[in-house]
Amino acid sequence: MKPRTKLQVEVWNLHKELSNPKEQEPHVISKHEFYYTTHYKNLVCMECNHSWRPEQVWQEQVIGVKCPSCNKKLKKISTENGGMASRYITYSVVQVVERFQVVRYFSCWKHMYKNKIPQYSFNSLFEEWKDWDKNKKVIVGRTKGWTGDGFNSTDYEIRYVNNSGWRGDPYAAFVSDYNCPGAEFLPIFKMYGLAKHKHDCDYRILIDRIEKSPKIETLLKSRQNELLEFSLYKDSRHNTYWDSIKIVIRNKYKIKDAGIWYDYLDLLRYFKKDLRNAVYVCPKNLKLEHDRLMKKKREILRLEEQERNRLQIIKRQQKLEKAIVDYVERWKNFFELEFKKRNISISVLKSIDEFKEEGDELKHCVYTNEYYLKKESLILSAKVDGKRAETIELKLPELKIEQSRGLKNKATKHHDQIIDLVNKNLEKIRKIVIKTKPTSKEKSAA
């Protein structure tokens, strides 16, 4: 959008006076990782295009290689379009322009080809201009997009002014890969020593957080860059383990993997170890100690799971034993029922073992879904020529057939005959229902 307010006009005019920081390009190029590609059994350096055949290709591809010609450490890259590949990194240039703290963002594309030296192209992305006295910021840059480095090739314009709408800053989540040397800061940030400590944390995020948290300032000044980066970009466990971090700083212990170290402290807390003891907090071999405690905790969790499973088995067994007694007591008066017609016979399932046999043979859920616990359903088994054919659920006291299912819940060719045989004998079942119905005195006693 076009600059409208006095602040926007001022920022826009100052932006037009800025020069392109080409002196930073050699530094940015040196930050690009080096790569190699494979061509059949040969390796090709994408830096100097030297080609050679290593002794163990599979191992070289896993651990990386060093070019015997230019002596640069290389990482594997897959090539497209007949040997061409592109990679990019983003970087920031931090300046002071009059009363504004300015952070400018750029991208550097590295284009690599077989039989050619790498080529580099530089693109400007956006700038954040912030007046810290008035706590107002303006963003000048290209529009966010889905192409290349995430920005469309539009002209620079005023893209965002804080407190100018409900949408929020669309550039807030952007993080650069590297900071260029020679960063300039306003006098209000002098006490933090931002320019003295080498790191690659995005200065926009760092300045915002360091104003709000003295702990972030301490991590910066103690040169605990891994913890600093982790605290800015990942999670806030530095607040939970701040006492341990102070021990680390006091003992000048350098943490190379903050994620592993925090997980290690989680393990120490699990085992109720002293998190203020340097012996625990600053191990000589972090990974070894982390893996040892992880193995120990995994074994404890395995035993706990084993114990839970044992108790569940006991509980299920007790429940099953009670269900066996209750089932027999509830339906014993129906156990003598049996209906026959030609080769079809129907009888009540007399035990929970019979429920299991019925479910296993017909491959349905009469046992697994515990139909034997249903107090208002009489479960019958229909057999044809002595083999289980269908399982019938009869609803009481309505004497309504809820379902009759055969193998894999499908109806058999005898289904209609089975239903008809049950319906013709409902009166026999009704008499037993009436006979076993509890009297009013029995109900009140219960």
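Position numbers for residues count from 1 along each chain, tracking the sequence in the order it is written. Confidence filtering applies because this is a predicted model: local features only for residues at pLDDT of at least 70, side-chain atom pairs given and counted only at 80 or more, and all residues used for totals across whole chains, interfaces and linings. No hydrogens and no water enter the side-chain calculation; it runs on all heavy atoms of the structure.

I'm lost on the pattern of salt bridges in this one. Help?
A side chain of one charge can pair with a side chain of the opposite charge when the charged atoms of the two come close. We define a salt bridge as a side-chain nitrogen of Lys or Arg found within 4 Å of a carboxyl oxygen belonging to Asp or Glu. In this structure the tally under the stated criterion is 33 salt bridges. Note that R302 and E299 form a salt bridge whose closest N and O atoms lie 2.6 Å from each other. Linking R302 with E299, this pair stays in helix α11 (residues 286-331), spanning three residues, or about one helical turn. Accessibility here uses a 1.4 Å probe with only protein chains present; expressed as a share of the type maximum, an area under 20% marks a residue as buried, one over 50% as exposed, and anything in between as partly exposed. What makes R302 partly exposed here is its relative accessible area of 42%. E299 gets classed as partly exposed once you look at its relative accessible area, which sits at 35%. For E370, the salt bridge goes to K319, with nearest N and O atoms at 3.6 Å. Here E370 is found in the loop between α12 (352-362) and β14 (377-384), whereas its partner K319 is found in helix α11, with 51 residues between them in sequence. Exposure remark for E370: the relative accessible area of 28% places this residue in the partly exposed category. With relative accessibility at 45%, the residue K319 sits in the partly exposed group. One network of salt bridges, in which partners are shared, links D235, R237, D263 and D266. The way it works is that DSSP assigns letters per residue, a run of H or I at least four long becomes a helix, a run of E at least two long becomes a strand, and they are numbered from the N terminus.

I'm lost on the side chain of K110 in this one. Help?
When you line up the elements, K110 lands in strand β7 (residues 100-113). In this structure K110 comes out as buried when scored by relative accessible area, which is 0%. Counting of polar contacts relies on pairs of N or O atoms within 3.5 Å, with two restrictions inside protein: one atom must be capable of donating a hydrogen and the other of accepting it, and residues adjacent in sequence are counted only when both atoms are side-chain atoms. Within the structure, the side chain of K110 is placed 3.2 Å from the backbone oxygen of E33, a separation counted as a polar contact. In what follows, residue pairs with any heavy atoms lying within 4.5 Å of each other are defined as contacts. Setting aside its immediate chain neighbours within four residues, K110 contacts H32, E33, F34, Y35, E47, A85, S86, R87, P118, Q119 and Y120.

Is there a simple way to explain the sheet that holds strand β10 (residues 157-161) in this structure?
Each strand in a sheet pairs with its neighbour through backbone hydrogen bonds, running either in the same direction (parallel) or in the opposite one (antiparallel). Spatial strand order, β10-β9-β8-β7-β6-β11: six strands in an open sheet with mixed pairing. Each edge of the sheet is formed by a strand with only one pairing partner; in this case those strands are β10 and β11 (178-179). Strands pair, by our definition, only if DSSP identifies at least two bridges between them. Where strand β6 (residues 84-97) and β11 come together, two bridges link them in parallel fashion. Looking across to β11, one finds that Y91 is bridged to Y178. Here the axes come from fitting lines to C-alpha atoms, over the contacting stretch only for helices, and the angles between their N-to-C directions go from 0 to 180 degrees. Sitting on the sheet, helix α1 (residues 6-17) is in contact with β6, β7, β8 (119-131), β9 (136-141) and β10, with an inclination near 45 degrees to β9. Strand contacts of helix α4 (residues 203-212): β6, β7, β8, β9 and β11, with the helix running at about 145 degrees to β7, the strand carrying the most contacts.

Could you clarify how one ought to interpret the nonpolar core in this entry?
Soluble, globular proteins show a tendency: their nonpolar side chains are buried together. Among buried residues, the Ala, Val, Leu, Ile, Met, Phe, Trp, Tyr and Cys ones that are joined through side-chain atoms within 4.5 Å form a nonpolar core. By size, the foremost hydrophobic cluster in this structure holds 50 residues, and its most contacted members are L194 and W261. Those elements that provide at least two residues to this core are β7, β8, α4, α5 (214-221), α6 (225-233), α8 (242-250), α9 (258-270) and α11. If you tally residues by element for this core, the top one is α9, at seven residues. Residues within four places of L194 in sequence aside, it is in contact with F185, F189, H199, Y203, L206, I207, I210 and L220. F335, I344, L378 and A389 belong to the second largest nonpolar core, which has 33 residues in total.

Just to check I follow, could you spell out helix α14 (residues 426-436) for this structure?
Along an α-helix, residues three or four positions apart point the same way, because every turn accommodates 3.6 residues. L426, I429, I432 and V433 are the residues of α14 that are buried. Within α14, the buried residues cover an arc of 125 degrees as seen down the axis, which keeps them to one side. Within α14, the exposed residues directed more than 90 degrees away from the buried face are K431, I434 and K435. Considering only its buried residues, α14 is in contact with β12 (338-341), β14, β15 (387-395) and α13 (415-424). Comment: arc refers to directions from the helix axis out to C-beta atoms.

I'm lost on the sheet that holds β15 in this one. Help?
Pairing in this open sheet of five strands is antiparallel, and the strands run β12-β13-β14-β15-β16 from one edge to the other. The open sheet has two free edges, formed respectively by β12 and β16 (400-405), since each of these has just one partner strand. Strand-to-strand twist in this sheet, taken as the mean axis angle between neighbours without regard to direction, amounts to 20 degrees. Of the pairings in the sheet, the one linking strand β13 (residues 344-348) to β14 comprises five bridges and is antiparallel in character. Across the sheet, I344 pairs through a bridge with V384, a residue of β14. Sheet strands touched by α12: β13, β14, β15 and β16. Its angle to β15, the strand with the most contacts, is close to 120 degrees.

Please clarify how the packing of aromatic side chains should be interpreted in this entry.
The geometry of an aromatic ring pair is captured by the separation of the ring centres together with the interplanar angle, meaning the angle of the planes. To pair, rings of Phe, Tyr and Trp, with the six-membered ring standing in for Trp, must have centres within 6.5 Å; the planes then decide the type, stacked if under 30 degrees apart, edge-to-face if over 60, and tilted in the middle. This structure, assessed with the given rule, holds 23 aromatic pairs. Plain terms: the ring middles of Y91 and F106 are 5.4 Å apart, the flat faces sit at 20 degrees to each other, and that makes the pair stacked. Taken together, the residues Y91 in strand β6 and F106 in strand β7 connect sequence positions 15 residues apart. Accessibility classification places Y91 together with F106 in one group, the buried group.

For this particular structure, what's the right way to read the side chain of E128?
If you trace the backbone, E128 turns up in strand β8. Residue classification places E128 among the buried positions, given a relative accessible area of 8%. Filtering out sequence-adjacent residues up to four positions away, E128 remains in contact with Q101, V102, V103, K137, V138, I139 and R204.

Would you mind showing me how to read the packing of α5 against α6 here?
Two quantities define a packed helix pair, namely the angle between the helix axes and the distance between the axes. Relative to each other, α5 and α6 sit at 150 degrees, their axes nearing to 8 Å. In terms of their interaxial angle, α5 and α6 are classed as roughly antiparallel. Taken as a pair, α5 and α6 cross one another with a handedness that is left-handed. In this structure, α5 uses I216, L219 and L220 to contact α6, whose residues at the interface are L227, L228, S231 and L232. Here the residues of the contact of α5 with α6 are counted per class, giving six nonpolar, one polar and no charged. Working rule for angles: under 35 degrees goes down as roughly parallel, over 145 as roughly antiparallel, 65 to 115 as roughly perpendicular, anything else as oblique. For any pair of crossing helices, the crossing counts as left-handed if the nearer helix is rotated counterclockwise from the farther one by less than a right angle, and right-handed if it is rotated clockwise. Gly is put with the polar residues, along with every residue not named as nonpolar or charged; the nonpolar set is Ala, Val, Leu, Ile, Met, Phe, Trp, Tyr, Cys and Pro, and the charged set is Asp, Glu, Lys and Arg.

Purely geometric stuff here, so don't read any function into it on its own.
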